[in-house]
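The lines below spell out each chain.
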Amino acid sequence: VGVVGFFVLMAIAAPLLTPYDPNASVVTGSLPPSSAHILGTTGLGQDLFAQIVYGARVTLLVGFVAAIGSTILQVLMGLSSAYFGGIVDEVLSLIINVFLVLPGLPLTIVLASLASASGANQNEYVIALVLMFTSWSYGARVLRAQTLSLKEREFVAAARVSGEGSLRIISAEILPNEVSLIASTFIGTFVY
């Protein structure tokens, strides 16, 4: 949390941390680190520190969008598959298995290059969406396994016997017991 918080604050305070535009050439050629350019400059004369600080904004945006969307998909697919079982489990498990073998990074690179070739100006959103749709399957598989274990416990059986509906059992009995697992898969997806 501390490391992520540091980078979030750095991204928010980017204009206060550096006076340079990350895309502007501020000098001619590359310079080594100095008091004027903390990390030096690129071959085009752009300040490296400014590029890192402003680049953190895009990186965090892509990470959060992909992780939030992926976590929602993980919870929906994993819990539904395990809780309802039968044909629902078979169909959702097939979908999860198909997405498990999709290569996320190469697919992201190809789709982002296709989006930029087609004139789309929002590559970071394309990358976030592709990462979201290619990174949810592992977490869904883990949540499915945990839900299969939890749905056989006594407290879930007691809720079923007392007449609780499926949505209530999932949201009030099973989901609270998986919060730590969901949080860890969120963090893993964000880092990925």
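Please refer to the structure placed before this passage.
Not measured: the values here are computed from a predicted model.

Quick notes on the environment of Ala172
- Mapped onto the elements, Ala172 comes out in helix α9 (residues 166-174).
- The exposure class of Ala172 is partly exposed, given its relative accessible area of 30%.
- Along the backbone, Ala172 and Ala36 are 136 residues apart, and their C-alpha atoms lie at a distance of 56 Å.

Observations concerning the packing of helix α7 (residues 137-150) against helix α10 (residues 179-191)
- Where α7 meets α10, the axes come as close as 10 Å, and the angle between the chain directions of the two elements is 170°. If you check the angle between α7 and α10, you find them roughly antiparallel. Here α7 contributes Gly139, Val142, Leu143 and Gln146 to the contact with α10, which in turn contributes Leu181, Ile182 and Thr185.
- Among the residues forming the contact of α7 with α10, the class breakdown is four nonpolar, three polar and no charged.

Thoughts on α7
- The end-to-end C-alpha separation of α7 is 20 Å, in line with the 20 Å expected for 14 residues at 1.5 Å each.
- Ser137, Gly139, Ala140, Leu143, Arg144, Thr147 and Leu150 are the residues of α7 that are buried. Buried residues along α7 cover an arc of 145° about the axis, so they all sit on one side.
- The elements touched by buried residues of α7 are α3 (48-84), α4 (86-100), α8 (154-161), α9 and α10.

Looking at the packing of aromatic side chains
- Enumeration over the complete set of coordinates arrives at four aromatic pairs.
- With a centroid separation of 4.7 Å and 35° between ring planes, the pair formed by Phe64 and Phe190 is classed as tilted. Separated by 126 residues along the polypeptide, Phe64 in helix α3 and Phe190 in helix α10 bring together distant segments of the chain.
- With a relative accessible area of 18%, Phe190 lands in the buried category.
- Each ring, one from Phe99 and one from Trp136, has its centre 5.1 Å from the other, and the planes form 50°; the classification is tilted. Here Phe99 is found in helix α4, whereas its partner Trp136 is found in the loop between α6 (123-134) and α7, with 37 residues between them in sequence.
- Assessed through its relative accessible area of 3%, Trp136 is described here as buried.

Focus: the layout of surface pockets
- If you add up the space inside the largest pocket, you get close to 220 Å³.
- In terms of lining, the largest pocket is formed by 13 residues, of which the most central are Thr59, Val62, Gly63, Phe190 and Tyr192.
- It is α3 that provides the largest number of residues to the lining of the largest pocket, a total of six residues.
- Its residues assigned to classes, the lining of the largest pocket comprises nine nonpolar, four polar and no charged.

Cut-off values and rules
- Residues numbered from 1 in each chain as written.
- Predicted model: local features only at pLDDT ≥ 70, side-chain atom pairs only at ≥ 80, totals over all residues.
- Heavy atoms only, no water.
- Helix = DSSP H or I, 4+ residues; strand = E, 2+ residues; numbered from the N terminus.
- Buried < 20%, exposed > 50% of the residue type's maximum accessible area, 1.4 Å probe, protein only.
- Axes fitted to C-alpha atoms, helices over the stretch in contact; angles between N-to-C directions.
- Parallel < 35°, antiparallel > 145°, perpendicular 65-115°, else oblique.
- Contact = heavy atoms within 4.5 Å.
- Nonpolar A, V, L, I, M, F, W, Y, C, P; charged D, E, K, R; others polar.
- Expected span 1.5 Å × (residues − 1).
- Arc of directions from axis to C-beta.
- Phe/Tyr/Trp six-rings, centres within 6.5 Å; stacked < 30°, edge-to-face > 60°.
- 1 Å grid on protein atoms, 1.4 Å probe; cavity = no way out; pocket = protein on both sides within 12 Å on 5 of 7 lines; lining within 4 Å.
- Points joined across faces, edges and corners; volume = space filled by probe spheres on them.

Read these as spatial facts, not as claims about activity.
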